[in-house]
Amino acid sequence: MHVFERIYQIVRQIPPGHVATYGQIALLAGNPRWSRVVGYALHVNPDPDTIPCFRVVNRHGKVSAAFAFGGENMQIKLLEQEGIVVKDGIVDLSVYGWKPDIESLK
């Protein structure tokens, strides 16, 4: 499976009302050093309706200023529609961070 497809497969599993970090997705995709690869993959997301890239934030919970599908404000709007509180462009990872069952992702 191509690495982008693995990344998309994982991002599809982030439940509504939760976010994951680029590093978390990279680790789950098989290499903790792929954070930038995750960013590249999400920037060229072929199907934003089923691959919810807006649920991915940086390691500090900050939304992307370069969100590929409408900019930072669109990412905030989409997160808020799911009940996620975004304060000053940051999501509280202790509240909204995704904690997947690692075994189910393998």
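None of the values given here were measured: they were computed from a predicted structure. (Residues numbered from 1 in each chain as written. Predicted model: local features only at pLDDT ≥ 70, side-chain atom pairs only at ≥ 80, totals over all residues. Heavy atoms only, no water.)

Caption draft 1: Representation of the environment of Ala26 in the model. Topologically, Ala26 is positioned in helix H2 (residues 22–29). Taking the C-alpha atoms as reference points, Ala26 and Gly39, separated by 13 residues in sequence, lie 9.5 Å from one another. The contacts of Ala26, once residues within four sequence positions are left out, are Asn31, Pro32, Trp34, Ser35 and Val38. (Helix = DSSP H or I, 4+ residues; strand = E, 2+ residues; numbered from the N terminus. Contact = heavy atoms within 4.5 Å.)

Caption draft 2: Just the nonpolar core, in detail. Counting 17 residues, the largest nonpolar core has Ile7, Val11, Ile14, Ile25, Leu42 and Trp98 as its most contacted members. Listing elements by their share of this core, those giving two or more residues are helix H1 (3–11), H2 and helix H3 (35–43). Counting 10 residues, the second largest nonpolar core, distinct from the first, contains Val19, Phe54, Ile76 and Val86. (Core = buried A, V, L, I, M, F, W, Y, C linked by side-chain atoms within 4.5 Å. Buried < 20%, exposed > 50% of the residue type's maximum accessible area, 1.4 Å probe, protein only.)

Caption draft 3: Representation of the pattern of salt bridges within the structure. The tally for this structure, following the rule as stated, stands at one salt bridge. The shortest N-O distance in the salt bridge between Glu82 and Arg55 comes to 2.5 Å. Here Glu82 is found in the loop between helix H4 (71–81) and strand S3 (86–87), whereas its partner Arg55 is found in the loop between H3 and strand S2 (56–57), with 27 residues between them in sequence. Accessibility expressed as a relative area gives 24% for Glu82, which makes it partly exposed. Among the residues examined, Arg55 registers a relative accessible area of 9% and is labelled buried. (Salt bridge = Lys/Arg side-chain N within 4 Å of Asp/Glu carboxyl O.)

Caption draft 4: Main features of the packing of aromatic side chains. Throughout the structure, instances matching the rule amount to one aromatic pair. Ring centres of Phe4 and Tyr8 lie 6.3 Å apart, and the angle between their planes is 65°; on these two criteria the pair is classed as edge-to-face. Separated by four residues within a single helix, Phe4 and Tyr8 lie in helix H1, roughly one turn from each other. (Phe/Tyr/Trp six-rings, centres within 6.5 Å; stacked < 30°, edge-to-face > 60°.)

Caption draft 5: Local environment of the side chain of Thr21. Mapped onto the fold, Thr21 is located in strand S1 (residues 20–21). Residues contacting Thr21, with those up to four places away along its chain left out, are Val56, Val57, Asn58, Arg59 and Leu93.

Caption draft 6: A look at the packing of H1 against H2. Here H1 crosses H2 at 115°, and the two axes come no closer than 9 Å. The way H1 lies across H2 gives a crossing that is right-handed. Within the contact between the two elements, H1 uses Arg6, Ile7, Ile10 and Val11 and H2 uses Ile25, Leu28 and Ala29. Its residues assigned to classes, the contact of H1 with H2 shows six nonpolar, no polar and one charged. (Axes fitted to C-alpha atoms, helices over the stretch in contact; angles between N-to-C directions. Left-handed = near helix turned anticlockwise from the far one by under 90°. Nonpolar A, V, L, I, M, F, W, Y, C, P; charged D, E, K, R; others polar.)

Caption draft 7: Up close: the side chain of Asn45. As for its placement among the helices and strands, Asn45 is situated in the loop between H3 and S2. Residue Asn45 is classed as buried on the basis of its relative accessible area, which comes to 6%.

Caption draft 8: Structural detail: H3. If you check which residues of H3 are buried, you get Val38, Ala41 and Leu42. Down the axis of H3, the smallest arc covering the buried residues is 95°, so these residues share one side. Exposed and facing more than 90 degrees away from the buried side of H3 are Arg36 and Tyr40. Those residues of H3 that are buried lie in contact with H1, H2 and S2. (Arc of directions from axis to C-beta.)

By themselves, these are just geometric observations and shouldn't be taken as functional.
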